[in-house]
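# Reading the structure
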Amino acid sequence: MKNSIHKEQFYNHPIEEVWHAISDEKAISTWFITANFKPEVGFKLKFTHEPSGTVVSGTVLEVHKPNTLVYTWIVNDTKVETTVKWMLREESGGTLLVLEHHGFADYKDTAVEMFESSVKGWEACLAELEKHLTGEAE
Amino acid sequence: MNRANYSIFKAIADPTRREIIHLLTTGSALTINEITNQFSASRQAITKHIKLLSAAGLIYIEQRGRQRYCHSDVRPLKQVHDWVAGYEQFWTGKLKALGQYLDSENRQKS
């Protein structure tokens, strides 16, 4: 079972443009989410998803223009801190963007270990769960 | 991304709570006293854990005569799966939107 999301996407645009799109408050608000954002380590960001009223807050952790941008991501008042990491790499004809969203990786011993634990009994219970999930997916 | 989805993460983030679920999933239903006997924590602490697990829907309590029995229910763990699935979709959509944004920016310049 995965505990994080990894996405790769190639854009045929120069790295500076992609960097601007992911780090500039106005640009972020245009394509992503209404943002209160500055690419400065320690900045307390606020993203507002207006249709649902969801507010994401977090702190900028890393800024290495134009390659790396990392911030924490906390939805509403859930106190569940996840981390979003944007990585850009210049490639011929454009930019490769790698996005990682670490879910509950911050809980060192979490759900994931629980899921993966081979402790007797869990196996059977997970088989049940799996059936439930696949049934659900169909 | 609603709030309810997160109570499950909170519930399973604690090792004692995971052991309680494990205990109930591998064996039969137990009373709070029987559960407490298996841990070094106080009855009060275990009761608190059970309340949290119950709020997350991982445990339900059955009244049998004078005794209350705790049963486990792992179905809410599906939410952990859904969290990942939900964000997968969210980011796929957003990265596509970023592409459209970059393309439209380019058009404006040329």
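These numbers were taken from a predicted model, which means no experiment stands behind them. (Residues numbered from 1 in each chain as written. Chains lettered and ligands numbered in written order. Predicted model: local features only at pLDDT ≥ 70, side-chain atom pairs only at ≥ 80, totals over all residues. Heavy atoms only, no water.)

### Some details on the overall build of chain B
In terms of helices and strands, chain B carries five helices and three strands. Ordered by position from the N terminus, the helices and strands of chain B form the series α-α-β-α-α-β-β-α. Within chain B, contacts between residues separated by at least 24 positions form 51% of all contacts whose residues are at least 6 apart in sequence. Entry remark: accessible area of chain B is about 6,100 Å², with carbon and sulfur atoms responsible for 46%. (Helix = DSSP H or I, 4+ residues; strand = E, 2+ residues; numbered from the N terminus. Contact = heavy atoms within 4.5 Å. Areas by Shrake-Rupley, 256 points an atom, 1.4 Å probe, with all protein chains shown as cover.)

### With respect to the sheet that holds strand S5 (residues 68-75) of chain A
Residue and element names in this part refer to chain A. On the basis of which strands lie adjacent, the open sheet formed by seven strands has the order S1-S7-S6-S5-S4-S3-S2 and antiparallel pairing. Of all the strands in the sheet, the pair left with one neighbour each is strand S1 (4-11) and strand S2 (34-36). Averaged over all neighbouring strand pairs, the angle between strand axes comes to 20°, with direction disregarded. Here S5 pairs with strand S6 (residues 81-91) via seven bridges, running antiparallel. (Pairing = 2+ DSSP bridges. Axes fitted to C-alpha atoms, helices over the stretch in contact; angles between N-to-C directions.)

### A closer look at the sheet that holds strand S1 (residues 30-31) of chain B
Each strand in a sheet pairs with its neighbour through backbone hydrogen bonds, running either in the same direction (parallel) or in the opposite one (antiparallel). Residues and elements named next belong to chain B. Taken together, the three strands give an open sheet; going across it, the order is S1-S3-S2, and neighbouring strands pair in antiparallel fashion. Two strands close off the open sheet at either side, each with one partner strand: S1 and strand S2 (59-64). Bridge count between S2 and strand S3 (residues 67-72): six bridges; the pairing is antiparallel. Its bridge partner being in S3, Glu62 is matched across the sheet by Tyr69. Strand contacts of helix H2 (residues 15-26): S1, S2 and S3, with the helix running at about 95° to S3, the strand carrying the most contacts.

### Digging into the packing of H2 of chain B against helix H4 (residues 43-55) of chain B
Residue and element names in this part refer to chain B. In contact at an axis separation of 10 Å, H2 and H4 are set at 75° when each is read in the N-to-C sense. Between H2 and H4, the crossing angle belongs to the class labelled roughly perpendicular. In this structure, H2 contributes Thr16, Arg17, Ile20 and Ile21 to the contact, and H4 contributes Ile46, His49, Leu52 and Leu53. Residue composition of the contact of H2 with H4, by class: five nonpolar, two polar and one charged. (Parallel < 35°, antiparallel > 145°, perpendicular 65-115°, else oblique. Nonpolar A, V, L, I, M, F, W, Y, C, P; charged D, E, K, R; others polar.)

### With respect to the pattern of salt bridges
Residues and elements named next belong to chain B. The tally for this structure, following the rule as stated, stands at three salt bridges over all chains. The partner of Glu62 in a salt bridge is Arg64, with the nearest N and O atoms 3.3 Å apart. Judged by relative accessible area, which is 27%, Glu62 ranks as partly exposed. With relative accessibility at 41%, the residue Arg64 sits in the partly exposed group. (Salt bridge = Lys/Arg side-chain N within 4 Å of Asp/Glu carboxyl O. Buried < 20%, exposed > 50% of the residue type's maximum accessible area, 1.4 Å probe, protein only.)

### Section: the nonpolar core
Phe32, Phe47, Tyr71, Trp73, Trp86 and Leu97 of chain A together with Trp91 of chain B are the most contacted members of the largest nonpolar core, which has 58 residues in total. Residue contributions to this core peak at 10 residues, all from helix H5 (residues 78-109) of chain B. (Core = buried A, V, L, I, M, F, W, Y, C linked by side-chain atoms within 4.5 Å.)

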